[in-house]
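# Structure assessment
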Amino acid sequence: MTARVAIIGVGQSSFGKRPNSSIRDLTFEAFHEAIEDTKNLGRMDIDASLVATAAGYDKQRSPAAVIAEYLELNPQPTFLTEAACASSTVALRTAWSFIKSGLHDVVAVIGYQKMTDMTSEAIQEVMGRAGDVMFESPFGTSMPAYYAMFARAHMDAYGTTEEDLAKVSVKNHYYSQFNPKAMFQKEFTLEKVLSTRVIASPLKSLDCCANADGASCLILANESKAKKFAEQPIWIKGLGLGSTAMSLASRKPPFTGFESAQEAARQAYTMASIKPKDIDVAEVHDCFTIAELIAYGDLGFCKREDSPKMIRDKETHLGGRIPVNVDGGLLSKGHPVGATGGSQIRTLVYQLRGEAGKVQVDGAKIALGHNVGGIGMYTTVTILEV
Amino acid sequence: MISMGFEKFGFVSYVSQAKIGEFTEYLKKNQLMGTKCKKCEKVYFPPRGDCISCLGDEVEWVEINGDGKLVTYTEVNFAPTGFQEDVPYILALGLLNSGQQVFARFSKDVSLEQVKSGMAVQLVPCQIDEDRVTYEFQIP
C-alpha cells in the first residue's frame, strides 16, 4: 500500500453556454489545463482514466470510451462513474482507492456535462425525471421543487427567511467577479435577488443555479509519483461518501438536512482526524441557496438551527470563520452536473497552494469539499491538506 | 398479483409495468389501497410488491386511511415537460396518521394561502381524466 495519495494537477473549462463546444472540446480544455498544471506529466504516465457525467444530457452512449479516445488515453483502463451531480467526486474516491491499493500509480478523473445542446423542451423532460419516476415524478417534480420543500421545512423549523436565502446568492455572486471561468461573474443586490420570479416557492430564479456546459479534470498520484510530477502536491486527507433514499417520502424528518451528507462528513472527519473547526476554506454544493444553509448544518460548521445566523453574520465570507464558495459557487459558476465536483476540488487545490488570487484565504492549510448528487441521494465530502 | 396498468398512474407516467400495477384499478374504483406483507403484516403505502422488512414476496391489498398532516410543500410555477399547463400546482409531503409518508399534489381548489405545515390533510383517490388516476391531498 502506498503511503499517501495526492492531487498533482487540476483543470477546468470555462463554464456556461458553450455553443461551439462538444463534450470532446470541453474535456480537452479541462484535461489540457490539468496536464499543464503538473510538472512534466506525460499522457502515457496516466495509468487509468475515470470519466464522470450524469446520464441523459447528451446523446453519446458509453462516453468514457469516446473521451479516452479523444484524449488518447487508450489502451489504459477507462470507465464511467455516475452519481448525478456528485459523479466527479465519487470518481475521485474511486481513483484514490485504485492508487491506495497499488493497482494504479496515476489516475485522471474527467468530469463533464453538455447541457445546452438539448432543446429547452428536452431538458425539461430530463429534469422531470430527477426524482423517483414511479411515485413522485408523476406529480410534476423538479429539482427546484424538491429543494423548495426543504427550504419550506427549514423556514418552519428555524425561522429562516427568504432574505437569509438571498444572502447566500449575494455572497456567491459577489465572489464570482474574481473567477474568470464562472458563467456569471457579476454581483447582484439583495433586492434584485428577492425580486426575481418565483420558480418553486420560496425559491426564486436567483436562488437557483443555472444549467451549463463544462468539464473538469483532476490528476491523482501516489506519493512517489506526486513528488516527481508536482511542485506542490495537495494530499487527500479524508474521504466520505453516503447515500439517502431517493424518494422524499422514504426519508426521515426533519427535512432540513441530508443523511448522506451527515454520513459522508462523519467518515471524512474520522479519516482525517480533524473537527469542523479545523477547516480553513470550504466549497459546498450550493445548487440552490437553501442547499448551502443545509450544508453548514450537515458539515457541523454550526448547529443546524444556526445556519441562517451564519450567513447573516457573514461567517462564511472571506475573513469570516469558514469562508465558503469564494469561487462563486454553483450559483454563479453554473452547474455542468458531472464537472462540478472536480471544479470545487480545483478551487480548493488553488487555495491550499496559495494561488487563489483575490479570493485567497490567508494561510489555508486544510480544505473541505462537499458535493451532493440530486436531492442528496449521494454526497461526498473530501478533505485536502497542503 | 398480475402486472397491469401502472402507466395510468399520475399526470404523466414513466413506468408501465410493475408487480403492484393493480393499484391503479383500485384508485379508479375510488379506493386507496396499500399492501400488507402476508408474513410479517407490515403495511406499505404507496404499495410495494415485496416486503423489505422480512423479505417476504407475498403481499395482499389493504385499505389505507388517508388522514394525516402536512410535513412540507411548495407551489411550482415552472414545470417540466408534460406538466406546463398545470402550473401553478402545490406539491406536498404528508404524514398519514397510520405512519406512512406520502408525496402528492394538493387538490386544484386549494390555494397557497390556505396551506401551512402541520395542518390536517386528507389523501383521497382522484380521477384525472377517463384513463388516468392518482391520489391528492385535500383539506378535510
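Given the structure is predicted, the values throughout are model-derived calculations rather than measurements.

### Quick notes on the overall build of chain A
Per the secondary structure count, chain A includes 13 helices and 11 strands. Judged by the C-alpha coordinates and their principal axes, chain A covers about 55 × 45 × 40 Å. Looking at chain A residue by residue over its 386 residues, the buried ones come to 64%. In chain A, 78% of the contacts between residues at least 6 apart in sequence involve partners at least 24 apart.

### Things to note about the pairing of strand 4 (residues 106–113) of chain A
Residues and elements named next belong to chain A. Most of strand 4 is tucked away: eight of the eight residues are buried. For strand 2 (residues 48–52) and strand 4, the ladder comprises five bridges, and the chain directions are parallel. Bridged to Val51 within strand 4 is Ile110. Across eight bridges, strand 4 lies against strand 7 (residues 214–222) in antiparallel orientation. Directly across from Tyr112, in strand 7, lies its bridge partner Ala215.

### Side note on the pairing of strand 10 (residues 366–373) of chain A
Each regular strand shows side chains that alternate between the opposite faces of the sheet. All names here are of chain A. Along strand 10, seven of the eight residues are buried, which leaves the element largely enclosed by surrounding structure. Looking at chain direction, strand 10 and strand 11 (residues 378–385) are connected through eight bridges and run antiparallel. What sits directly across from Ala367, in strand 11, is Leu384. The antiparallel pairing of strand 10 with strand 11 creates a hairpin that spans four residues between the two strands, and Gly374 there sits at a positive phi of about 60 degrees.

### Some points on the packing of helix 1 (residues 23–37) of chain A against helix 2 (residues 63–70) of chain A
Residue and element names in this part refer to chain A. Contact pair helix 1 / helix 2: the axes reach a minimum separation of 10 Å and the direction vectors enclose 60 degrees. It follows from the interaxial angle that helix 1 and helix 2 lie oblique. In this structure, helix 1 crosses over helix 2, and the sense of that crossing is right-handed. On helix 2, the residues that touch Ile23, Arg24, Thr27 and Phe28 of helix 1 are Pro63, Ile67 and Tyr70. When its residues are assigned to classes, the contact of helix 1 with helix 2 shows five nonpolar, one polar and one charged.

### What about the interface of chain A and chain B?
If you look at the interface, chain A gives 31 residues, while chain B gives 33 residues. At the level of elements, helix 4 (120–128), helix 5 (143–158) and strand 5 (198–200) of chain A are the ones that each hand at least two residues to the side of chain A that touches chain B. Counting residues per element, the side of chain A that touches chain B draws most heavily on helix 5 of chain A, at six residues. Counted by class, the side of chain A that touches chain B contains 17 nonpolar, eight polar and six charged residues.

### Some words on the packing of helix 5 of chain A against helix 10 (residues 289–298) of chain A
All names here are of chain A. Their axes nearest at 9 Å, the elements helix 5 and helix 10 cross at an angle of 55 degrees. As summarised for this structure, helix 5 and helix 10 are arranged oblique, according to the angle between their axes. The chirality of how helix 5 crosses helix 10 is left-handed. Contacts from Tyr147, Phe150, Ala151 and His154 of helix 5 reach helix 10 at Ile290, Ala291, Leu293 and Ile294. Classifying every residue of the contact of helix 5 with helix 10 gives seven nonpolar, one polar and no charged.

### Examining the nonpolar core
Within the largest apolar cluster, 174 residues are counted, with the highest numbers of intra-cluster contacts made by Val109(A), Ile110(A), Met149(A) and Leu220(A). For this core, the element with the most residues is helix 5 of chain A, which contributes 10 residues. Two domains share this core, each providing at least three of its residues, namely domain 1 (6–63) and domain 2 (67–138) of chain B. Those residues in contact with Met149(A), other than ones at most four positions away along the chain, are Leu248(A), Phe255(A), Thr72(B), Tyr73(B), Thr74(B), Leu91(B) and Leu93(B).

### Considering the domain arrangement of chain B
Residues and elements named next belong to chain B. Along its sequence, chain B is organised into domain 1 (6–63) and domain 2 (67–138). Taken residue by residue, the interface counts 12 residues in domain 1 and 15 residues in domain 2. A breakdown of the residues in the side of domain 1 that touches domain 2 according to their chemical character gives six nonpolar, four polar and two charged.

### A few points about the environment of Ile290(A)
Residue and element names in this part refer to chain A. Looking at the element boundaries, Ile290 is found in helix 10. With 135 residues separating them along the chain, Ile290 and Met155 place their C-alpha atoms 9.9 Å apart. Apart from the residues within four sequence positions on either side, Ile290 is in contact with Tyr147, Phe150, Ala151, His154 and Leu165.

What counts as what
Residues numbered from 1 in each chain as written. Chains lettered and ligands numbered in written order. Predicted model: local features only at pLDDT ≥ 70, side-chain atom pairs only at ≥ 80, totals over all residues. Helix = DSSP H or I, 4+ residues; strand = E, 2+ residues; numbered from the N terminus. Buried ≥ 20, exposed ≤ 12 C-beta atoms within 10 Å, placed from the backbone. Contact = placed C-beta atoms within 7 Å. Pairing = 2+ DSSP bridges. Axes fitted to C-alpha atoms, helices over the stretch in contact; angles between N-to-C directions. Parallel < 35°, antiparallel > 145°, perpendicular 65-115°, else oblique. Left-handed = near helix turned anticlockwise from the far one by under 90°. Nonpolar A, V, L, I, M, F, W, Y, C, P; charged D, E, K, R; others polar. Core = buried A, V, L, I, M, F, W, Y, C linked by C-beta atoms within 7 Å. Domains from an automatic or database assignment.

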